[in-house]
Amino acid sequence: MKFALIDGKKTEASKGAKGLCPSCGSELFAKCGEVKVNHWAHKGSRTCDPWWENETHWHRSWKAQFPIDWQEVIHFAENGEKHIADVKTENGWVLEFQHSYLNPEERRARNAFYPKLVWVVDGLRRKRDKPQFQKVLEESTVISKKPLIRRVNFPEECRLLKEWHDSSSLVFFDFQEPNELKHSVLWLAFHKISNGEAYLSHFSRNEFIKYHHDERFDEMVKSKILPIRDILASNKRNNRANRLYNRSNRLSGFEQYLSNKRRRKRRF
């Protein structure tokens, strides 16, 4: 955890400091060393949010792009359930920066809990993830140049896509080191399209951050991402319907052929 409350104010960890957990109100102890990033911890192994994960420099680099008031915000559901969002913008978008592996059940639970959720996934956690992604990208088909959209025909050959491309929330893959955050792109995986294919588009990191700061992310999602996603999904359904129609016609023709053959045999 990056912040604790000291005298009611969000405060970062410093050696020897103590504070209160913004979520459960229990005492937190500052942990400051050379290996892990400075952070606050509950006493012992206790944690008040089972969805929380240990943070890396990558997490902190991302969080630092947004105002402190947006960082580590407690989000409440109508039933009283609560979780700490990595970042929650003034427009209600929750940004979850995911470094560690996340099992599908928890991912679905988070997708359902946060009404407006965006995943930013660290593509450098495993050594093979970036080479696998680059390979399927090179073998993908460009179906649009403006905006750039690529169809990946075999997402199961890339572990990241296999894990994330069927998400019901927006997913952006990040393949840059923390010190390169200002000069790189994110790869958006269009959601809810097909289990057999994945569709990707690149997105400027600076624009991604700026759209949240300018409160224009809603507009961008509604005017760009969702219309493209709907067209891709519609084309996928139409292609599937055409394949079923053609298959039905072929079967009908074959059945007619068998029927004619039986009639000829009965004549003799």
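Preceding this paragraph is the structure being described.
In this report, we go over the structure that sits alongside the text.

Calculation notes
- Residues numbered from 1 in each chain as written.
- Predicted model: local features only at pLDDT ≥ 70, side-chain atom pairs only at ≥ 80, totals over all residues.
- Heavy atoms only, no water.
- Helix = DSSP H or I, 4+ residues; strand = E, 2+ residues; numbered from the N terminus.
- Buried < 20%, exposed > 50% of the residue type's maximum accessible area, 1.4 Å probe, protein only.
- Contact = heavy atoms within 4.5 Å.
- Areas by Shrake-Rupley, 256 points an atom, 1.4 Å probe, with all protein chains shown as cover.
- Pairing = 2+ DSSP bridges.
- Core = buried A, V, L, I, M, F, W, Y, C linked by side-chain atoms within 4.5 Å.
- 1 Å grid on protein atoms, 1.4 Å probe; cavity = no way out; pocket = protein on both sides within 12 Å on 5 of 7 lines; lining within 4 Å.
- Points joined across faces, edges and corners; volume = space filled by probe spheres on them.
- Polar contact = N/O pair within 3.5 Å; in protein donor to acceptor, adjacent residues only side chain to side chain.
- Axes fitted to C-alpha atoms, helices over the stretch in contact; angles between N-to-C directions.
- Salt bridge = Lys/Arg side-chain N within 4 Å of Asp/Glu carboxyl O.

### Comments concerning the overall build of the protein
Then comes step 1: The number of helices and strands found in the protein is six helices and 14 strands.
Then comes step 2: Taking all 268 residues of the protein together, the buried fraction comes to 44%.
Then comes step 3: Contacts in the protein between residues far apart in sequence, at least 24 positions, make up 53% of those at least 6 positions apart.
Then comes step 4: Put simply, the protein shows about 15,700 Å² of open surface, and 49% of that area lies on carbon and sulfur atoms.

### Some thoughts on the pairing of strand β2 (residues 9-12)
Then comes step 1: With four bridges joining them, strand β1 (residues 3-6) and β2 adopt antiparallel strand pairing. What sits directly across from Ile-6, in β2, is Lys-9.

### Examining the nonpolar core
Then comes step 1: Within the largest apolar cluster, 28 residues are counted, with the highest numbers of intra-cluster contacts made by Trp-62, Leu-170, Phe-172, Phe-190, Phe-208 and Phe-217.
Then comes step 2: Going through the elements one at a time, α1 (57-63), β8 (94-98), β9 (117-122), β12 (170-174), β13 (185-189), β14 (198-204), α5 (205-213) and α6 (217-267) are the ones with two or more residues in this core.
Then comes step 3: In terms of residue count, α6 provides more of this core than any other element does, six residues in total.
Then comes step 4: If you look at the next biggest cluster of nonpolar residues, it comprises 25 residues, including Trp-51, Val-121, Ala-189 and Ala-198.

### A few points about the layout of surface pockets
Then comes step 1: In this model, the second largest pocket occupies a volume close to 270 Å³.
Then comes step 2: Around the second largest pocket, the lining is made up of 15 residues, and of these Pro-147, Ser-201, His-202, Phe-203 and Lys-224 lie nearest the centre.
Then comes step 3: Only β11 (148-152), β14, α5 and α6 provide two or more residues apiece to the lining of the second largest pocket.

### Description of the environment of His-165
Then comes step 1: Looking at the element boundaries, His-165 is found in the loop between α4 (159-164) and β12.
Then comes step 2: You can call His-165 buried: its relative accessible area is 9%.
Then comes step 3: Along the sequence, His-165 and Leu-188 sit 23 residues apart, while their C-alpha atoms lie 9.5 Å from each other.
Then comes step 4: In this structure the side chain of His-165 is engaged in a polar contact, spanning 2.8 Å, whose partner is the backbone oxygen of Leu-161.

### Observations concerning the sheet that holds β12
Then comes step 1: Reading across from one edge, β6-β7-β8-β9-β12-β13-β14-β11-β10 is the order of the nine strands in this open sheet, with mixed pairing throughout. Since the sheet does not close on itself, it has two edges, and those belong to β6 (71-76) and β10 (141-145), each with one partner. Strand-to-strand twist across the sheet, computed as the mean angle between neighbouring axes with direction ignored, equals 35 degrees.
Then comes step 2: In the sheet, β10 pairs with β11 via four bridges, with the strands oriented antiparallel. Each residue of the ladder has a partner; that of Lys-145, found in β11, is Leu-148.
Then comes step 3: Sheet strands touched by helix α2 (residues 104-113): β6, β7 (82-88), β8 and β9. Its angle to β9, the strand with the most contacts, is close to 145 degrees.

### Some remarks on the pattern of salt bridges
Then comes step 1: With the rule as written, the count across this model stands at 15 salt bridges.
Then comes step 2: In this structure, Glu-96 engages Arg-110 in a salt bridge whose closest nitrogen and oxygen atoms are separated by 2.9 Å. Here the residue Glu-96 occupies a position in strand β8, and Arg-110 occupies one in helix α2, the gap between them amounting to 14 residues.
Then comes step 3: On the accessibility criterion, Glu-96 (3% relative accessible area) is buried.
Then comes step 4: According to the relative accessible area criterion, Arg-110 is buried, its value standing at 4%.
Then comes step 5: Here Arg-159 and Glu-163 are joined by a salt bridge, their closest N and O atoms 3.2 Å apart. Linking Arg-159 with Glu-163, this pair stays in helix α4, spanning four residues, or about one helical turn.
Then comes step 6: Under the relative-accessibility criterion, Arg-159 is labelled partly exposed at 44%.
Then comes step 7: Among the residues examined, Glu-163 registers a relative accessible area of 18% and is labelled buried.
Then comes step 8: Overlapping salt bridges bring together Glu-55, Arg-60, Lys-63 and Glu-72 as one network.

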